Amino acid sequence: MIDPALFDRARDRIAADGFTPDIQTKIALLLTSAKNGNLIFHGQLQWMPNLGVVQQFIISQSARELEAVTLLARTTEWSQNPTLALEANRITAPIALAWTEIMLPPGPLFNPQAAYRGLSLGHAQLARIRLLPVIPDNADPAAPFVVALNRIEQENGRMLQTQIRLLKNVGVEIPLEEREALVERDQEMVDAVFSEFLAWLAAP
């Protein structure tokens, strides 16, 4: 679980300093890293044969993740500090490694375990990475970056419901106990990454 105090410290930091370029860049780097992994995964998964209506869900997920990434690229006031990218890469490395493992040959198209792992990891990202709690009350609701975060959170909620449906319809040949353990393990991993990110976000 994520310690609620981490959200409080990050929100207090933003309330004091505002959405500075450094703060915006940190958030955008985290979200972009997570969403690019899910985008690449769904881009390949949609070519699985005999998906029927499930294919529509997958294409929808891919389109929404692409929209989020481009929205962040347009609205973020990017910092000129190069060390932020290095630290973001370090913090998000477990998620990046997990997506890399999922996409290794033969990949999710031909590996049911990889396909289900991708859905599980995508579900964990949507369920556990929450940025609305760090937006302070004194933030300008009309600021482009704040509008973007709100839009992404709303879409994440919609995608989460779709992801749950996909988890129920893909990988049914995998034993239930194995699927449940995988979902729990991915949530724990994402929680650890996001907890470290929140501490970084709150740091001076």
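Note that the coordinates shown come from a computational prediction; the quantities given were computed from them, not determined experimentally.

J.: I'm lost on empty space enclosed by the protein in this one. Help?
T.: Unoccupied space between atoms shows up once a probe the size of one water molecule is rolled over them. Summed over the entire model, instances satisfying the criterion amount to two cavities of 30 Å³ or more. Approximately 60 Å³ is the volume attributed to the largest cavity. For the largest cavity, the full set of lining residues is Leu 31, Ala 34, Lys 35, Glu 65, Gln 125, Leu 126, Ile 129 and Asn 156. Contributions of two or more residues to the lining of the largest cavity are made by helix H2 (21-45) and helix H6 (112-128). Among the elements that take part in the lining of the largest cavity, H2 stands out by supplying three residues, more than any other. For the lining of the largest cavity, the per-class residue count stands at four nonpolar, two polar and two charged. Space inside the second largest cavity adds up to approximately 40 Å³.

J.: Would you mind going over the packing of H6 against helix H8 (residues 176-202) with me for this structure?
T.: Two measures define how a pair of helices packs: the angle their axes make with one another and the distance between the axes. Direction vectors running N to C along H6 and H8 enclose 45°, while the axes themselves pass 8 Å from each other. Considering the angle they form, H6 stands oblique to H8. You can see that H6 and H8 cross each other, and the crossing is right-handed. For the pair formed by H6 and H8, the contact residues are Gln 113, Tyr 116, Arg 117, Ser 120, Leu 121, His 123, Ala 124, Gln 125 and Arg 128 on the first element and Glu 178, Arg 179, Leu 182, Val 183, Asp 186, Gln 187, Met 189, Val 190, Asp 191 and Phe 194 on the second. Looking at side-chain class alone, the contact of H6 with H8 contains eight nonpolar, five polar and six charged residues.

J.: I'm lost on the pattern of salt bridges in this one. Help?
T.: A side chain with one charge can pair with a side chain of the opposite charge if their charged atoms come near. By the definition in use, this model includes 13 salt bridges. Among the ionic pairs, Arg 117 bridges to Asp 186, the shortest N-O distance being 2.8 Å. Taken together, the residues Arg 117 in helix H6 and Asp 186 in helix H8 connect sequence positions 69 residues apart. Of the two residues examined, Arg 117 and Asp 186, each falls in the buried class. Ionic pairing is found between Glu 155 and Arg 151, a salt bridge with its closest N-O pair at 3.9 Å. Of this pair, Glu 155 and Arg 151 are both found in helix H7 (residues 144-169), four residues apart, which corresponds to roughly one turn of the helix. Look at Glu 155 and you get buried, because its relative accessible area is 14%. Through salt bridges with shared partners, a single network forms among Arg 64, Glu 67, Arg 151, Glu 155 and Arg 158.

Basis of the calculations
- Residues numbered from 1 in each chain as written.
- Predicted model: local features only at pLDDT ≥ 70, side-chain atom pairs only at ≥ 80, totals over all residues.
- Heavy atoms only, no water.
- 1 Å grid on protein atoms, 1.4 Å probe; cavity = no way out; pocket = protein on both sides within 12 Å on 5 of 7 lines; lining within 4 Å.
- Points joined across faces, edges and corners; volume = space filled by probe spheres on them.
- Helix = DSSP H or I, 4+ residues; strand = E, 2+ residues; numbered from the N terminus.
- Nonpolar A, V, L, I, M, F, W, Y, C, P; charged D, E, K, R; others polar.
- Axes fitted to C-alpha atoms, helices over the stretch in contact; angles between N-to-C directions.
- Parallel < 35°, antiparallel > 145°, perpendicular 65-115°, else oblique.
- Left-handed = near helix turned anticlockwise from the far one by under 90°.
- Contact = heavy atoms within 4.5 Å.
- Salt bridge = Lys/Arg side-chain N within 4 Å of Asp/Glu carboxyl O.
- Buried < 20%, exposed > 50% of the residue type's maximum accessible area, 1.4 Å probe, protein only.

So yeah, pure geometry; function would need other evidence.
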